[in-house]
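Structural features, examined
Spelled out, the chains give:
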Amino acid sequence: MVQTMLAMDTGLGLVIGVGLSMSASHLFSLLANRLCLRQIALQMVLDALVLSLALSLGILCHSLMLTLMEHVPPQPIMMANRMGAALWPGLFYVLVAAPYISDLIAVTLLAWIHLNVMLLLQVHYGIPLQEGLVVSLPGFVLALVLIALVFAQRWRTSYNTLAREVGR
């Protein structure tokens, strides 16, 4: 497993970078809740790992759908490196912390990532865009649901921390 992960250096590096970027978008809420620097660093690292896992599960789902629907068994290392490259717009997810336009930035970046995955399927596997949408949609939805659950848990924890601080 470790050798496989080392061989996926490009894809894995981008997945972890996107996870860190998504985690960093919550930095202001963590600072507003008066957490100490150690607590903020721990929360950001844990969130980044969980978000990276969510994105990795989405990539795994893409691979399974590609095998099931197109009968193209991709090599896991090449698939992860190629799909990781499709995630590069997620490195800008830290901009979602911007006030007033954060939802627009988040939706734009997530749509851009999905479009990159569909284009990647077309270029590397010869799958038309319509079929690429069917192949990539389950993995994209799975990743979005997992990311939404992590974000909802983060906000709930932040509000509970703030409520405890105010209640003292």
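The shown structure was predicted, so the numbers you read here are calculated from the model rather than taken from an experiment. (Residues numbered from 1 in each chain as written. Predicted model: local features only at pLDDT ≥ 70, side-chain atom pairs only at ≥ 80, totals over all residues. Heavy atoms only, no water.)

**Let's talk about the packing of aromatic side chains**
All told, the structure shown has three aromatic pairs when counted by the stated rule. Judged by centre distance (4.9 Å) and plane angle (75°), the ring pair of Trp88 and Trp112 falls under edge-to-face. With a gap of 24 residues between them, Trp88 in the loop between helix H5 (76–86) and helix H6 (102–125) and Trp112 in helix H6 connect regions that are remote in the sequence. What makes Trp88 partly exposed here is its relative accessible area of 35%. Trp112 gets classed as partly exposed once you look at its relative accessible area, which sits at 34%. When the ring of Tyr93 is compared with that of Phe151, the centres are 6.1 Å apart and the planes differ by 35°; the resulting orientation is tilted. On the criterion of sequence distance, the pair formed by Tyr93 in the loop between H5 and H6 and Phe151 in helix H7 (residues 129–167) is long-range, its members being 58 residues apart. (Phe/Tyr/Trp six-rings, centres within 6.5 Å; stacked < 30°, edge-to-face > 60°. Helix = DSSP H or I, 4+ residues; strand = E, 2+ residues; numbered from the N terminus. Buried < 20%, exposed > 50% of the residue type's maximum accessible area, 1.4 Å probe, protein only.)

**Side note on H6**
With 24 residues, H6 should cover 34 Å at 1.5 Å per step; its first-to-last C-alpha distance of 34 Å lies within 8% of that length. Looking one or two residues beyond H6, the residue adopting positive phi is Gly126, at roughly 70°. (Expected span 1.5 Å × (residues − 1).)

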